[in-house]
Amino acid sequence: MKIRLRQILLTATCLLLSILSFSQKKAAYVSGKVVDENENPLPKVSVVVLGQSKGITTNDSGYFRIKVAANKAFALIFTYTGRRAEQKNFLLSEEEEETITIRLEKSENTLQEVIITDQRDRREVGLIRPNPKTILNLPSAVTGVESLIKIFVGSNNELTSQYSVRGGSYDENLIYINDFEVFRPYLVRSGQQEGLSFINPEMVRNISFYNGGFQAKYGDKMSSVLDIQYKKPKRFGGSAYVGILEQGLQLEGTSKNSKFSYLLGVRNRSNRNLLSRQDTKGNYVPSSADFQALLNYQFSPKWQAELLSNISQTKFTLIPEFSQLTTSVFSPLYSATIGVDIYFEGREKDRYQTNMLGFSLINQPSKKLKLKWMASRFENDEAENVDIIGAYLFGDRDFDKRNPTYGLIVNPFGAGVYQNWARNELNIENWNVSHKGNYDKGKHAFQWGIGYDKTTIADKLNEWEFQDSAGYALPYQPNMLQLSKVIKSNANLAINKFSGYLQDNILLGDSSNSVTLTGGVRFNYNSLNQEFLITPRISASWKPRSKKDIIFRAAAGAYHQPPFYRELRRYNGTVNTNLQSQKSWQTVAGFDYNFIGIGGRPMRWTTEAYYKSMTDVVPYDVDNVRIRYFGENNAKAYATGIEMRLHGELVPDAESWISLGIMKTAEDISGDHYYRYKNAAGEFINAQSPDQVVVDSTRFDVGWLRRPTDRRITFGMYFQDYLPTNKNFKMFLNLLYGSNLPYNIPGAVRYRNAAVIEPYIRADIGFSALLVDDDRSKRRSHSPFRNFDNIWASLEVFNIIDRANVISYLFVKDFSNTVYLMPNRLTPRLVNFKIVARW
């Protein structure tokens with residue numbers, strides 16, 4: 001016992017001494033004096049270690065002494081109002097002290113940008129306000145506002161600018177630019193056919209994204225609102241960026257009397273490098289270009305006019321040559337690596353053209369009253385031409401590198417030929433005339449609006465598919481050539497729509513204990529189905545009297561969506577003009593909490609729980625980005641979940657976002673059932689087999705199933721960081737995760753939810769270096785960069801983990817008529833380089 005006690009005491013003593021020696025590890029010091037250009041001392045100069053929020057200030061003699069970490073590289077930042085900041089790098093040993101003298105010169109740019117946070121933004125349910133300046137820094141295959149939105153709502157396709165919000169489809173999202181509603185192309189089948197997003201990120205001044213519970217002033221959709229405001233220039237300036245995938249130029253300026261301002265943007269994009277490494281090899285020729293202009297004229301302090309225009313064209317040509325798809329099959333009986341080799345001939349040629357022109361007249365008779373009149377025309381002109389034949393061989397693929405048959409199909413299961421042919425044309429033209437206004441009276445803020453839309457749709461669908469398996473056309477009919485799918489339809493529709501809203505925002509209490517109430521109602525009339533809708537909406541927020549900066553908020557209301565082009569189309573191409581609106585009642589509740597986080601930096605945490613109850617739902621299937629609707633109001637559905645977001649500066653002057661969502665959405669299609677057939681022995685059999693005799697059948701009702709957008713977990717993160725000794729070298733990380741999605745086999749009631757698309761995991765990273773900063777005093781008069789504010793160079797690596805994410809499936813049958821699903825995968829790892837300059 002004595003020996004053990006001595007050992008314990010000796011061990012404890014050694015451990016205590018080691019802890020004490022570690023805790024007494026000597027630091028280092030930096031001391032000195034800060035002076036101006038005339039050697040006069042500068043008091044109250046801020047001295048901060050780069051990457052930390054706390055520091056010290058110089059005394060009245062300009063002297064400072066700061067304790068720092070030893071044996072570690074660090075940088076000190078010296079800042080003083082009206083003078084250029086100075087940075088000094090150090091690497092000091094233990095107990096070392098370095099004495100320096102810092103001179104701070106006067107700055108040409110004495111006015112700094114000040115960001116004022118409006119507490120009203122925190123009170124609105126579902127509102128997210130990302131910084132538009134982060135868009136070009138965000139590493140993403142598609143540059144645009146929508147890529148930033150996907151951090152909050154999730155994604156399953158990096159090639160598209162479309163997104164799903166809280167279980168809704170792509171068609172349930174509203175987009176406004178300067179109060180004008182904009183639309184997307186409708187015939188797009190896959191993300192690789194998409195071009196530029198309508199929104200030009202370099203022209204954006206403000207982003208307001210509502211992922212639910214939005215107010216009555218916004219339109220008649222069920223999921224979300226993206227409200228974009230473009231810049232109003234105050235001086236001449238611009239920007240340009242050149243990358244492997246996309247190039248852009250933006251110019252802005254004003255007249256000498258500041259009454260006229262202009263904002264111009266032109267972009268060009270080609271996804272050829274992005275698509276060249278996909279599973280289907282061939283000649284990809286994608287191109288997209290657009291031009292946008294925002295012109296503003298101030299007649300007087302009370303009157304101004306605005307003109308917004310857009311011309312955009314996307315072309316996509318594909319001459320496929322060869323495709324090699326592989327998947328693994330696991331079962332209790334056997335496992336195998338199944339592959340299909342497809343040899344193509346033919347081509348696909350698509351064109352999507354968008355034109356938009358909007359004019360608004362704004363009158364502000366007083367500070368309390370603002371009136372706005374708007375008129376716009378929007379046109380989508382689209383055409384698809386497809387004629388592709390594919391011959392395939394299907395079976396076991398050899399992955400043993402020692403064999404001469406490595407990579408080849410060695411045990412064929414089936415072979416066949418298929419042909420896809422389409423000649424589709426669509427023209428949608430929408431005219432809008434509307435008025436909106438707002439009036440502030442005391443604690444009330446009234447808002448109202450009324451609008452008329454006339455939409456004409458000219459649609460011509462002509463497409464068919466032929467499938468041949470082992471020399472037999474499918475579906476098989478003796479002595480008859482059968483096409484597996486035929487759609488031929490012409491539609492010419494003229495739709496008149498009237499809509500309007502009235503709402504009141506009420507503020508009660510004071511700044512320390514306040515309540516806001518927003519109540520409003522919308523109406524909508526659609527001449528196509530002669531349906532009149534009234535949708536009330538209400539929201540509230542409460543900021544209690546507390547030391548914690550927290551706001552509780554909730555909303556409830558009706559969000560009904562009148563049918564448009566895609567919903568009207570049935571699977572067979574016919575148009576259901578009697579289709580009614582999809583109706584939803586929604587409730588949202590949550591909180592917004594500001595607090596001081598790591599390193600004393602402000603953080604913001606928001607949480608919202610929601611529930612949607614939907615009736616008269618139009619079911620649909622999703623194939624890549626193409627949505628195929630049933631064209632009938634024959635389902636009911638629900639969506640429920642919770643979303644959490646953390647926003648702040650994990651490192652100083654570099655904002656980051658983290659978002660987590662948990663959701664479940666399901667639907668019950670009315671009368672959805674199937675039969676299974678039995679033989680005389682009571683065994684289930686295939687009724688189509690000629691050697692089987694059916695003697696009985698059993699009906700199975702399908703009931704509730706996962707919706708195509710039922711992604712249970714979504715996670716997104718946007719993180720910024722920089723070198724500890726130099727803020728001019730930055731890193732940007734974009735991380736997305738989404739759990740699996742159900743995949744439906746079209747036309748097969750029994751096999752809805754039969755397949756699953758595996759989780760979507762993607763990480764994109766970017767590295768940026770500042771080539772030219774905003775300090776123009778150091779530039780020579782003849783320097784070609786003397787008028788630039790800054791120039792950045794960026795290297796981006798997309799899909800850094802090189803994950804083969806799946807977007808859809810190809811259906812292949814073997815000789816025994818068994819169906820196999822072969823995955824269609826998204827883009828692999830790709831490197832991109834771009835330079836961004838602003839002046």
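Residues numbered from 1 in each chain as written. Predicted model: local features only at pLDDT ≥ 70, side-chain atom pairs only at ≥ 80, totals over all residues. Heavy atoms only, no water.

Trainee: Now, about the overall build of the protein chain: what can you tell me, with residues and values included?
Mentor: Broken down by element type, the protein chain carries 5 helices and 45 strands. Against the 2.2 N^0.38 benchmark of 28 Å for 839 residues, the protein chain shows a C-alpha radius of gyration of 31 Å, consistent with a compact globule. The principal-axis extent of the C-alpha atoms belonging to the protein chain is close to 105 × 90 × 65 Å. Across the protein chain, the fraction of contacts at a sequence separation of at least 24, relative to all contacts at a separation of at least 6, is 67%. Element-wise, carbon and sulfur atoms account for 56% of the exposed surface of the protein chain, whose accessible area totals about 40,200 Å². Distance from the positive charge centre (103 side chains) to the negative charge centre (85 side chains) of the protein chain: 6 Å. (Helix = DSSP H or I, 4+ residues; strand = E, 2+ residues; numbered from the N terminus. Rg over C-alpha atoms; globule rule 2.2 N^0.38 Å. Contact = heavy atoms within 4.5 Å. Areas by Shrake-Rupley, 256 points an atom, 1.4 Å probe, with all protein chains shown as cover. Lys, Arg positive; Asp, Glu negative; His and termini not counted. Charge placed at Lys NZ, Arg CZ, Asp CG, Glu CD.)

Trainee: Outline a nonpolar patch on the surface, supporting the account with residue identities and numerical values.
Mentor: A contiguous nonpolar surface patch, about 500 Å² in accessible area, is contributed by Ile244, Phe767, Leu795, Val831, Phe833 and Ile835. No other element matches the 3 residues that strand β45 (residues 830-838) contributes to the nonpolar patch. Inspection of the secondary structure puts Phe767 in strand β41 (residues 760-772). (Patch = residues over 30% accessible without salt bridge, like charges linked within 9 Å, V, L, I, M, F, W, Y side chains within 5 Å. Salt bridge = Lys/Arg side-chain N within 4 Å of Asp/Glu carboxyl O.)

Trainee: Outline the sheet that holds strand β5 (residues 74-80), supporting the account with residue identities and numerical values.
Mentor: Strand-to-strand pairing in sheets goes through backbone hydrogen bonds, with the strands running parallel or antiparallel. One open sheet holds the 4 strands; their spatial order is β3-β2-β5-β6, and the pairing between them is antiparallel. Each edge of the sheet is formed by a strand with only one pairing partner; in this case those strands are β3 (55-57) and β6 (83-90). In this sheet, neighbouring strand axes are inclined to one another by 20° on average, regardless of whether the strands run parallel or antiparallel. With 6 bridges connecting them, β5 and β6 associate as antiparallel partners. Directly across from Ala75, in β6, lies its bridge partner Asn89. (Pairing = 2+ DSSP bridges. Axes fitted to C-alpha atoms, helices over the stretch in contact; angles between N-to-C directions.)

Trainee: Can you break down a positive patch on the surface residue by residue, with the values?
Mentor: Taken together, Lys315, Arg347, Lys349 and Arg423 make up a surface patch of like positive charges. With respect to the helices, strands and loops of the structure, Lys349 is situated in strand β18 (residues 335-363). For Lys349, a relative accessible area of 44% puts it in the partly exposed group. (Buried < 20%, exposed > 50% of the residue type's maximum accessible area, 1.4 Å probe, protein only.)

Trainee: If you had to explain the pairing of β41 to someone new, which residues and values would you point to?
Mentor: The buried count for β41 comes to 10 of 13 residues, which makes it a mostly enclosed element. Both strand β38 (residues 726-738) and β41 contribute to a ladder of 10 bridges, which runs antiparallel. Across the sheet, the residue bridging to Leu735 is Ala763, located in β41. For β41 and strand β42 (residues 790-798), the ladder comprises 7 bridges, and the chain directions are antiparallel. Among the inter-strand pairings, Phe767 is bridged to a residue of β42, identified as Leu795.

Trainee: Tell me what's going on with the nonpolar core, and back it up with residues and numbers.
Mentor: Counting 56 residues, the largest nonpolar core has Val145, Ile199, Leu226, Ile228, Tyr230 and Tyr565 as its most contacted members. Element by element, the count of residues in this core is highest for helix α3 (residues 145-153), at 6 residues. Non-local contacts of Tyr565, meaning those with residues more than four positions away in its chain, are made with Tyr186, Leu187, Leu426, Ile428, Ile457, Asp459 and Leu461. Membership of the second largest hydrophobic core comes to 19 residues, among which are Leu42, Phe64, Leu76 and Phe78. (Core = buried A, V, L, I, M, F, W, Y, C linked by side-chain atoms within 4.5 Å.)

Trainee: Could you give me a rundown of unusual backbone geometry, with the residues and numbers involved?
Mentor: Apart from glycine, the bulk of residues carry a negative phi angle, and the bulk of peptide bonds sit in the trans form. Non-glycine residue Arg166 carries a positive phi angle of around 50°. With respect to the helices and strands, the residue Arg166 is situated in the loop between α3 and β9 (173-177). In the Ramachandran plot, Gln530 falls in the positive-phi region, its phi being about 55° despite a non-glycine side chain. Looking at where Gln530 falls in the secondary structure, it is placed in the loop between β24 (514-526) and β25 (531-543). Owing to a relative accessible area of 63%, Gln530 belongs among the exposed residues under this scheme.

Trainee: Quick one: what's the story with the pairing of strand β12 (residues 224-230), residue by residue and with numbers?
Mentor: For a regular strand, side-chain orientation follows a simple rule: the groups alternate between the two sheet faces. Across the 7 residues of β12, 6 count as buried, placing the element largely inside the fold. Where β9 meets β12, 5 bridges bridge the pair, whose relative direction is parallel. Paired with Tyr176 across the bridge in β12 is Asp227. Note that strand β11 (residues 204-210) and β12 share 6 bridges and pair antiparallel. Bridge assignment links Asn206 to a residue of β12, and that residue is Gln229.

Trainee: Give me the pattern of salt bridges: which residues, what numbers.
Mentor: Inspection of every chain in the model, using the stated rule, returns 43 salt bridges. Through salt bridges with shared partners, a single network forms among Arg122, Arg166, Lys543, Asp549, Arg553, Asp592, Arg604, Glu608, Glu643 and Arg645.

Trainee: Give me the lowdown on the sheet that holds strand β34 (residues 684-685), citing residues and values where you can.
Mentor: The strand order across the open sheet formed by 3 strands is β34-β33-β35, and the pairing between neighbours is antiparallel. Where the open sheet ends on each side, the last strands, each with one partner, are β34 and β35 (696-701). Where strand β33 (residues 673-678) and β34 come together, 2 bridges link them in antiparallel fashion. For Tyr677, the partnering residue across the bridge sits in β34 and is Ile685.

Trainee: Can you explain the environment of Asp440? Please cite residues and give values.
Mentor: Within the element layout of this structure, Asp440 appears in strand β20 (residues 409-441). By relative accessible area, Asp440 is classed as partly exposed at 33%. Between the C-alpha atom of Asp440 and that of Ile177, which follows or precedes it by 263 residues, the distance is 24 Å. Setting aside residues up to four positions removed in sequence, Asp440 forms contacts with Lys368 and Ala445.

Trainee: Go over the environment of Arg269, please, and point to the residues and values.
Mentor: Relative to the elements of secondary structure, Arg269 occurs in strand β15 (residues 260-269). Among residues more than four places away in sequence, those in contact with Arg269 are Ala141, Val142, Thr143, Leu196, Leu245, Glu246, Leu274, Pro286, Ser287 and Ser288. In terms of polar contacts, Arg269 uses its side chain to reach the backbone carbonyl oxygen of Ala141, at 2.4 Å. (Polar contact = N/O pair within 3.5 Å; in protein donor to acceptor, adjacent residues only side chain to side chain.)

Trainee: How would you explain the packing of aromatic side chains if you had to name every residue and give the values?
Mentor: Evaluation of the coordinates by the stated rule reveals 32 aromatic pairs. An angle of 70° between the planes, with centres 5.0 Å apart, marks the rings of Tyr297 and Phe299 as edge-to-face. Looking at Tyr297, the relative accessible area reads 34%, which means it is partly exposed. According to the relative accessible area criterion, Phe299 is partly exposed, its value standing at 47%. Consider the rings of Tyr620 and Tyr629, whose centres lie 5.5 Å apart with planes at 55°: the pair is tilted. Of the two residues examined, Tyr620 and Tyr629, each falls in the buried class. An aromatic cluster is present here, built from Phe183, Tyr186, Phe198, Phe378, Phe564 and Tyr565 joined pairwise through their rings. Lying across the ring of Tyr29, Arg65 places its NZ or CZ 3.9 Å from the centre. The cationic tip of Lys727 hangs over the ring face of Tyr722; the distance from NZ or CZ to the ring centre is 5.6 Å. (Phe/Tyr/Trp six-rings, centres within 6.5 Å; stacked < 30°, edge-to-face > 60°. Lys NZ or Arg CZ within 6 Å of the ring centre and 35° of its normal.)

Nothing here speaks to function; it is all geometry.
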